[in-house]
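# Structure assessment
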Amino acid sequence: MSNLTLRELVQAVWRRPAWVLPPIVLGLAVAFWLLRILPPTYGASTLVMVEKQKVPSDYVKATVTTSMEDRIRTIEQQVTNRESLERLIRELDLYPALRRRRPMGDVVEAARKDLKVQKQGDSIFSIYFQYTRPEKAARAANRVAELFIEDSLRQRETQAQGTSTFLESELLSTKKRLESQEARIATFKQSYMGELPEQSDTNLKMVEALQAKLEISMQALDKAEQRKLYIQGQIAQGRQAVLPQRSYAPAAPPPPSRLDLARTELAALLTQYTERHPDVIRKRAEIASLEKEEREKKSAPAPVAAAEPLPVAPPVDPMLRAELDGVDLEIRGLTGERERILAQIGQFQGRLENVPRVEQQLLSLTRDYDNIKKSYDSLLEKRINARLAENLEKSQQGEQFTILEKAIPPERPSGPNKPLILLAGLAAGGVLGIALALLRQRTDSTYADPEELRAAFPGVAVLATIPLFDTAAASPRRFRARNNRS
């Protein structure tokens with residue numbers, strides 16, 4: 001019905017009341033019929049209060065924490081699931097007639113519509129159930145509350161156990177990772193023993209101690225060499241005293257050897273630097289090498305000259321020879337000791353040079369270890385708290401649901417809602433009657449007044465109207481219609 005106006009709607013109702021009143025009467029009749037056949041229903045509700053945890057949360061933190069709104073939604077899902085409702089229906093023998101006619105699924109759906117969970121306060125909610133018998137409505141509401149409390153305690157305990165078990169497995173896994181990382185760090189430290197960052201001070205002290213020892217050894221070596229020269233001079237003087245004197249022309253002094261030049265340079269370096277200076281250490285090593293070459297030349301057999309035979313040298317004093325041999329042995333020992341000290345110094349210096357590289361690798365291993373250790377400590381604390389919470393739930397010291405007020409059989413029915421049903425019947429009949437009157441209005445081909453005629457034929461002038469001659473006694477309806485047209 002497009003282009004419907006309020007004027008057209010009012011005219012349809014006013015001109016055709018016979019089309020409006022019967023549907024209204026029919027709607028009221030249907031409403032009264034429904035009131036007669038619908039059985040009365042009784043509603044009963046059980047108040048349940050949420051008791052807080054008895055042990056302060058500062059000591060034991062609960063592992064099962066949800067808001068009241070989420071808890072209400074969870075409760076409604078728990079109490080309206082198929083298993084709980086089937087158990088309730090069978091236990092209390094609800095809906096016997098419906099169970100004979102329909103399958104159990106339809107019966108459960110009917111019970112789900114009759115069961116409601118409503119929030120009454122911050123920590124109180126009600127379980128409402130309506131049924132045709134007041135005593136069974138109260139029993140059903142109380143039984144639903146009892147079943148919910150039992151299931152809630154069991155679920156909270158299971159959830160606390162699940163949390164504790166999960167944290168236990170995570171803690172065990174983290175512990176294995178921690179032990180593996182500890183083993184890697186231990187293996188790394190064993191592989192780079194002596195080159196670790198915490199051993200740098202020890203290596204520096206060892207280098208200083210070896211340098212001091214090297215200085216002492218070098219001083220002892222110098223004294224031994226000087227004593228050797230002194231003994232060799234005494235032996236030479238003894239031979240010259242015994243050999244016959246010959247007249248020789250004075251010869252030019254021999255040029256200085258490489259060994260003499262090296263010793264002169266060492267003396268010059270010692271006037272400027274200490275024994276720990278690298279140049280001094282290098283020059284002493286050079287002198288030791290030259291001395292070794294001199295000893296090898298002296299030990300080699302001298303070539304037989306074709307010149308005139310030399311006079312046989314007198315034997316050397318055995319005491320001087322023994323002293324010379326002892327000095328040579330001492331020099332060889334000091335030289336070997338010096339080489340060993342230099343090798344040790346090089347070893348410790350190499351360790352010091354490797355410290356930055358080893359420190360970087362060890363830092364990476366230690367950082368991973370610290371992260372795993374923090375995770376392990378956190379999981380350990382959570383596991384302890386989870387075990388306390390589990391024991392709290394088992395001893396029923398945690399948050400609980402308590403029946404604050406049990407449902408009692410109601411004295412008055414809560415349904416059906418008579419005013420609402422009557423109002424619905426009246427509204428349905430009125431809408432149907434108005435629709436029928438409007439439909440009859442639009443299907444009528446006659447025109448009730450000049451305005452409708454002008455609206456139907458725009459531009460055509462209405463010259464006159466002829467009233468309907470009739471008496472009220474003959475036809476009251478036609479008489480009223482005539483008066484309306486006039």
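Residues numbered from 1 in each chain as written. Predicted model: local features only at pLDDT ≥ 70, side-chain atom pairs only at ≥ 80, totals over all residues. Heavy atoms only, no water.

### Side note on a nonpolar patch on the surface
Where nonpolar side chains cluster on the molecular surface, the patch consists of Leu26, Val30, Trp33, Ile37 and Leu38 and spans about 480 Å² of accessible area. If you trace the backbone, Leu38 turns up in the loop between helix H2 (17-37) and strand S1 (42-51). Since its relative accessible area comes to 37%, Leu38 is described here as partly exposed. (Patch = residues over 30% accessible without salt bridge, like charges linked within 9 Å, V, L, I, M, F, W, Y side chains within 5 Å. Areas by Shrake-Rupley, 256 points an atom, 1.4 Å probe, with all protein chains shown as cover. Salt bridge = Lys/Arg side-chain N within 4 Å of Asp/Glu carboxyl O. Helix = DSSP H or I, 4+ residues; strand = E, 2+ residues; numbered from the N terminus. Buried < 20%, exposed > 50% of the residue type's maximum accessible area, 1.4 Å probe, protein only.)

### A few points about the sheet that holds strand S4 (residues 400-405)
The strand order S2-S3-S1-S4 describes an open sheet built from four strands, whose pairing is antiparallel. In this open sheet, the two strands that pair with only one neighbour each are strand S2 (115-119) and S4. Neighbour to neighbour, the strand axes of the sheet diverge by 30 degrees on average, direction disregarded. Where S1 lies against strand S3 (residues 124-131), eight bridges are found, and the strand directions are antiparallel. The partner of Leu47 across the bridge, within S3, is Ser126. Here helix H7 (residues 134-191) sits on the sheet and contacts S1, S2, S3 and S4; the angle it forms with S1, its principal contact strand, is near 25 degrees. (Pairing = 2+ DSSP bridges. Axes fitted to C-alpha atoms, helices over the stretch in contact; angles between N-to-C directions. Contact = heavy atoms within 4.5 Å.)

### Examining the packing of helix H4 (residues 82-92) against helix H6 (residues 104-114)
Where H4 meets H6, the closest approach of the two axes is 10 Å, and the angle between their N-to-C directions is 95 degrees. Judged by the angle between their axes, H4 and H6 are roughly perpendicular. Along its contact with H4, which presents Arg82, Leu85, Glu86, Ile89 and Arg90, the element H6 presents Met104, Gly105, Val107, Val108, Ala111 and Arg112. Looking at the contact of H4 with H6 residue by residue, the class counts come to six nonpolar, one polar and four charged. (Parallel < 35°, antiparallel > 145°, perpendicular 65-115°, else oblique. Nonpolar A, V, L, I, M, F, W, Y, C, P; charged D, E, K, R; others polar.)

### As for the confidence of the model for the chain
Mean pLDDT over the chain stands at 77; residues scoring 70 or higher make up 78%. The secondary structure element of the chain with the lowest average pLDDT is helix H14 (residues 476-485), at 53, and the one with the highest is H6, at 91. Note that pLDDT drops below 50 for residues 245-253; the model gives that stretch four contacts with residues more than four away or on any other chain. Below a pLDDT of 50 lies the segment residues 304-308, which in the model reaches one contact outside its immediate sequence neighbourhood of four places, other chains included. (pLDDT = per-residue confidence, 0-100.)

### Structural notes on the pattern of salt bridges
A complete count under the given rule lists twelve salt bridges for this structure. Residue Arg143 pairs with Glu91 through a salt bridge whose shortest N-O separation is 2.9 Å. Pair noted here: Arg143 is in helix H7 and Glu91 is in helix H4, with a separation of 52 residues, a long-range link. Look at Glu91 and you get partly exposed, because its relative accessible area is 40%. A salt bridge links Glu168 to Arg383; the nearest nitrogen and oxygen atoms lie 3.3 Å apart. Remark: Arg383 occurs in helix H11 (residues 318-394) and Glu168 occurs in helix H7; sequence separation between them is 215 residues. Arg383 sits in the buried class, given a relative accessible area of 14%. Here the salt bridges do not stand alone but share partners, grouping Glu91, Arg143 and Glu146 into one network.

### Regarding the environment of Ala18
Of note, Ala18 is situated in helix H2. Owing to a relative accessible area of 58%, Ala18 belongs among the exposed residues under this scheme. Each C-alpha atom of the pair Ala18 and Leu436 lies 9.9 Å from the other, and the pair is 418 residues apart in sequence.

### Focus on the nonpolar core
Core analysis: the largest hydrophobic core is formed by 33 residues, its most contacted members being Leu94, Tyr95, Phe125, Phe129 and Phe401. In terms of residue count, the dominant contributor to this core is H7 (eight residues). With sequence-adjacent residues up to four places away left out, Tyr95 is seen in contact with Ile89, Val107, Ala110, Ala111, Asp114, Phe129, Gln130 and Tyr131. Within the second largest apolar cluster, 14 residues are counted, among which are Leu365, Tyr369, Ile372 and Tyr376. (Core = buried A, V, L, I, M, F, W, Y, C linked by side-chain atoms within 4.5 Å.)

### A word on the packing of H2 against helix H12 (residues 418-443)
Packing of H2 against H12 leaves a shortest axis separation of 7 Å and a crossing angle of 155 degrees. Between H2 and H12, the interaxial angle falls into the category roughly antiparallel. Judged by the sense of rotation from one axis to the other, the crossing of H2 with H12 is right-handed. Residue classes in the contact of H2 with H12 are distributed as 16 nonpolar, five polar and two charged. (Left-handed = near helix turned anticlockwise from the far one by under 90°.)

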